[in-house]
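# Structure assessment
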Amino acid sequence: MNIVTKVLSVLVALEFLYIFYLETAATTSEKTSKVFGMTTEELSQKNVNVLFKNQGIYNGLLSVLILIAVFAFASKAAVICLMAYIVAVALYGSFTSNPKIILMQGGLAILTLISCAF
């Protein structure tokens, strides 16, 4: 695995770690409100809060899996699988929620996949 792929993979992991933080620790913050386009009142609703924390754990786990794939296993195949999954989820989100999601959530993962070709 080349150094560019490793760096991009770590950046994707950091992105998902930040999302984890927003969704689990800063669920009702102004920043979370701005990032997800929801009011703090909406984020404070019990059901929404629980759903965000659940989604945050998912994003945190993705971050950990990426780091394990890069550093523990040094597996280009695992990185490709994880990035392809992230792009697929971002593509789904761009169709069902907001077209910008493919670039916001999937942009770095797409670049990482491209770097895997070299």
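Going by the structure above, here's the rest.
What comes next is a walk through the structure. (Residues numbered from 1 in each chain as written. Predicted model: local features only at pLDDT ≥ 70, side-chain atom pairs only at ≥ 80, totals over all residues. Heavy atoms only, no water.)

## Details of the overall build of the protein
Per the secondary structure count, the protein includes seven helices and zero strands. Counted from the first residue to the last, the protein has its helices and strands arranged as α-α-α-α-α-α-α. For a compact globule of 118 residues, the expected C-alpha radius of gyration is about 13 Å, and the protein comes in at 15 Å, within 12% of that figure. Along the first, second and third principal axes, the C-alpha atoms of the protein reach 45 × 30 × 20 Å. Put simply, of all contacts in the protein between residues at least 6 apart along the chain, 57% involve residues at least 24 apart. For the protein, the accessible surface area stands at approximately 6,900 Å², while carbon and sulfur atoms represent 71% of it. Charge centroids of the protein, computed over 7 positive and 5 negative side chains, lie 12 Å from each other. (Helix = DSSP H or I, 4+ residues; strand = E, 2+ residues; numbered from the N terminus. Rg over C-alpha atoms; globule rule 2.2 N^0.38 Å. Contact = heavy atoms within 4.5 Å. Areas by Shrake-Rupley, 256 points an atom, 1.4 Å probe, with all protein chains shown as cover. Lys, Arg positive; Asp, Glu negative; His and termini not counted. Charge placed at Lys NZ, Arg CZ, Asp CG, Glu CD.)

## A look at the packing of helix 5 (residues 76-96) against helix 7 (residues 107-116)
Between helix 5 and helix 7, whose axes approach to 9 Å, the crossing angle comes to 145°. Crossing handedness for the pair helix 5 and helix 7: left-handed. Residues Lys76, Val79, Ile80, Met83, Ala84, Ile86 and Val87 of helix 5 form the contact with helix 7, whose participating residues are Ala109, Ile110, Thr112, Leu113 and Cys116. A breakdown of the residues in the contact of helix 5 with helix 7 according to their chemical character gives ten nonpolar, one polar and one charged. (Axes fitted to C-alpha atoms, helices over the stretch in contact; angles between N-to-C directions. Left-handed = near helix turned anticlockwise from the far one by under 90°. Nonpolar A, V, L, I, M, F, W, Y, C, P; charged D, E, K, R; others polar.)

## Some points on the packing of aromatic side chains
The final tally for this structure, using the stated rule, is three aromatic pairs. On the numbers, 6.4 Å between centres and 25° between planes, the contact of Tyr18 with Tyr21 is stacked. Separated by three residues within a single helix, Tyr18 and Tyr21 lie in helix 1 (residues 3-24), roughly one turn from each other. An angle of 70° between the planes, with centres 6.5 Å apart, marks the rings of Tyr58 and Tyr85 as edge-to-face. (Phe/Tyr/Trp six-rings, centres within 6.5 Å; stacked < 30°, edge-to-face > 60°.)

## Considering unusual backbone geometry
The phi angle of most residues is negative, glycine excepted, and most peptide bonds adopt the trans form. With phi around 45°, Ala74 is a residue other than glycine that occupies positive phi space. Mapped onto the fold, Ala74 is located in the loop between helix 4 (46-72) and helix 5.

## As for the packing of helix 1 against helix 7
Packing of helix 1 against helix 7 leaves a shortest axis separation of 9 Å and a crossing angle of 160°. What the angle tells us is that helix 1 and helix 7 run roughly antiparallel. Crossing geometry of helix 1 relative to helix 7 is assigned as left-handed. The residues of helix 7 that touch helix 1, namely those facing Val4, Thr5, Leu8, Ser9, Leu11, Val12 and Glu15, are Leu108, Ala109, Leu111, Thr112, Ser115 and Cys116. Classifying every residue of the contact of helix 1 with helix 7 gives eight nonpolar, four polar and one charged. (Parallel < 35°, antiparallel > 145°, perpendicular 65-115°, else oblique.)

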